[in-house]
Amino acid sequence: MAANILLVEDEPAIQELIAFNLTQAGHHVLRASTAEVAMTLVKNALPDLILLDWMLPGASGIEIARKLRSDERTRQIPIIMLTARSEEQDKVQGLEAGADDYITKPFSPREMLARIKAVLRRRAPQMTDDAVEVKGLRLDPSTHRVQGNGATIDLGPTEFRLLHFFMTHAERVHSRTQLLDQVWGDHIFVEERTVDVHIRRLRSALESTSHDTLIQTVRGTGYRFSVQG
């Protein structure tokens, strides 16, 4: 599944090569050559993943990673460090700063794409094409189909994204604000009541197969997808 990837790399040739391969793989690429530009882009809209070069003009990749991890809004963004440093101590430093993975230059495009997929599967499963099934309810992102006990369920695009996020983050309580950020994007400005409207539509679509009860209202907090009553 296409992801919005922020590439922070100051060497033009390397930036161009990485961006080309990411685009060929179907991802949308935002580029930054400095820490300042990178933080401005993140402020405007949260990317699904950040490819972050260690050595940058101004602030280093390590400093950026620490800053992102210390902010509630950006704490959950997956980060992969890109660096020519291959010493174990350097890798440990990168991981301790908050990186999810570490790629040593030079690396092949195939390795980079595989690591991106692995990190997204672990940190942002709603961004992968992996089918997910819970209690007879099956959602397949690659075919954009939803089935309940084998019967087809028709969903609008927003309800589909909402259900996908719920199913890949089961048993967790999400506030309306969190759902807006994760499903609509934090750069889209819509009212919180919009979430309630789409939750009602989603429940209505799931009623025919009795899966509507999986989406639970948590009073005073938000919503939860759970197989437990």
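Owing to the predicted nature of the structure, the values given are computational and were not obtained by experimental measurement. (Residues numbered from 1 in each chain as written. Predicted model: local features only at pLDDT ≥ 70, side-chain atom pairs only at ≥ 80, totals over all residues. Heavy atoms only, no water.)

Participant: Is there a simple way to think about the overall build of the protein chain in this case?
Facilitator: Looking only at helices and strands, the protein chain has eight helices and 12 strands in total. The C-alpha atoms of the protein chain give a radius of gyration of 19 Å, which matches the 17 Å a tight globule of 229 residues would have. C-alpha atoms of the protein chain, sized along the principal axes, occupy 55 × 35 × 30 Å. The contacts of the protein chain with a sequence gap of at least 6 include a subset with a gap of at least 24, amounting to 57%. Carbon and sulfur atoms make up 48% of the accessible area of the protein chain, which amounts to about 12000 Å² in all. For the protein chain, the distance from the average site of its 28 positive side-chain charges to the average site of its 31 negative ones is 4 Å. (Helix = DSSP H or I, 4+ residues; strand = E, 2+ residues; numbered from the N terminus. Rg over C-alpha atoms; globule rule 2.2 N^0.38 Å. Contact = heavy atoms within 4.5 Å. Areas by Shrake-Rupley, 256 points an atom, 1.4 Å probe, with all protein chains shown as cover. Lys, Arg positive; Asp, Glu negative; His and termini not counted. Charge placed at Lys NZ, Arg CZ, Asp CG, Glu CD.)

Participant: Mind showing me how you'd approach the sheet that holds strand β8 (residues 145-148) here?
Facilitator: Backbone-to-backbone hydrogen bonds pair the strands of a sheet. The strands run either parallel or antiparallel. Strand order in the open sheet formed by four strands is β6-β7-β8-β9, with antiparallel pairing between adjacent strands. The strands lining the two open edges of the sheet, one partner per strand, are β6 (132-134) and β9 (151-153). Neighbouring strand axes in the sheet, compared pairwise and without regard to direction, differ in orientation by 25° on average. Sheet analysis places strand β7 (residues 137-140) next to β8, joined by four bridges and oriented antiparallel. Paired with Leu 137 across the strands is Gly 148, a residue of β8. (Pairing = 2+ DSSP bridges. Axes fitted to C-alpha atoms, helices over the stretch in contact; angles between N-to-C directions.)

Participant: It is not clear to me how helix α7 (residues 176-185) should be interpreted in this structure. Could you clarify?
Facilitator: Listing the buried residues of α7 in full gives Leu 179, Leu 180, Val 183, Trp 184 and Gly 185. Along α7, the residues classed as buried sweep out an arc of 150° about the axis, all on the same side. Tucked into the core, α7 has its buried residues touching α6 (157-168), β10 (173-174), α8 (193-206) and β12 (222-225). (Buried < 20%, exposed > 50% of the residue type's maximum accessible area, 1.4 Å probe, protein only. Arc of directions from axis to C-beta.)

Participant: What is the right way to read helix α3 (residues 61-70) from this model?
Facilitator: Note: α-helices contain 3.6 residues per turn, so residues at a spacing of three or four share the same orientation. Of the residues making up α3, those classed as buried are Gly 61, Ile 62, Ile 64, Ala 65, Leu 68 and Arg 69. Along the axis of α3, the buried positions cluster into a sector of 160°, meaning they face one direction only.

Participant: Quick question: what am I supposed to make of the sheet that holds β10 here?
Facilitator: Read from one edge to the other, the open sheet built from three strands follows the order β10-β12-β11, with strand pairing classed as antiparallel. Edge positions in the sheet fall to β10 and β11 (215-218), since each has one partner strand and no second. Inspection of the sheet shows β10 paired to β12 by two bridges, in the antiparallel sense. Residue pairing in the sheet places Val 173 in a bridge with Arg 224 of β12. Against the sheet, α6 contacts β10, β11 and β12, and its axis sits at roughly 65° relative to β12.

Participant: Would you mind showing me how to read the nonpolar core here?
Facilitator: The tendency in soluble globular proteins is for nonpolar side chains to be buried side by side. Leu 137, Leu 163, Phe 166 and Phe 225 are the most contacted members of the largest nonpolar core, which has 26 residues in total. Mapped onto this core, the elements with two or more residues apiece are β6, β7, α6, α7, α8 and β12. Ranked by size, the runner-up nonpolar core spans 20 residues in total, among them Ala 32, Leu 52, Ala 65 and Met 81. (Core = buried A, V, L, I, M, F, W, Y, C linked by side-chain atoms within 4.5 Å.)

Participant: Explain the pairing of β11 to me, please; I cannot follow it from the model alone.
Facilitator: Where a strand is regular, its side chains alternate between the two sheet faces. Bridging between β11 and β12 involves four bridges; their strand directions are antiparallel. Following the sheet pairing, Thr 217 is matched in β12 by Tyr 223. With antiparallel pairing between neighbouring strands as the criterion, β11 and β12 make up a hairpin whose turn holds three residues, including Gly 220 at a positive phi of roughly 80°.

Participant: Before we go on, may I ask you to explain the packing of α7 against α8 in this structure?
Facilitator: Helix packing for two helices is described by the angle between their axes and how far apart those axes are. Relative to each other, α7 and α8 sit at 75°, their axes nearing to 9 Å. Classified by the angle between their axes, α7 and α8 sit roughly perpendicular to one another. Of α8, the residues touching α7 (which contributes Arg 176, Leu 179, Leu 180 and Trp 184) are Thr 194, Val 195, Asp 196 and His 198. Of the residues in the contact of α7 with α8, the class split is four nonpolar, two polar and two charged. (Parallel < 35°, antiparallel > 145°, perpendicular 65-115°, else oblique. Nonpolar A, V, L, I, M, F, W, Y, C, P; charged D, E, K, R; others polar.)

Participant: Please explain the side chain of Asp 53 as it appears in this structure.
Facilitator: Its place among the elements puts Asp 53 in strand β3 (residues 49-53). Among the polar contacts made by the side chain of Asp 53, one reaches the side chain of Lys 105 at a distance of 3.0 Å. Every residue in contact with Asp 53, bar those within four places of it in the chain, is listed here: Val 8, Glu 9, Asp 10, Gly 61, Leu 82, Thr 83 and Lys 105. (Polar contact = N/O pair within 3.5 Å; in protein donor to acceptor, adjacent residues only side chain to side chain.)

Taken by themselves, the reported measurements are silent on function.
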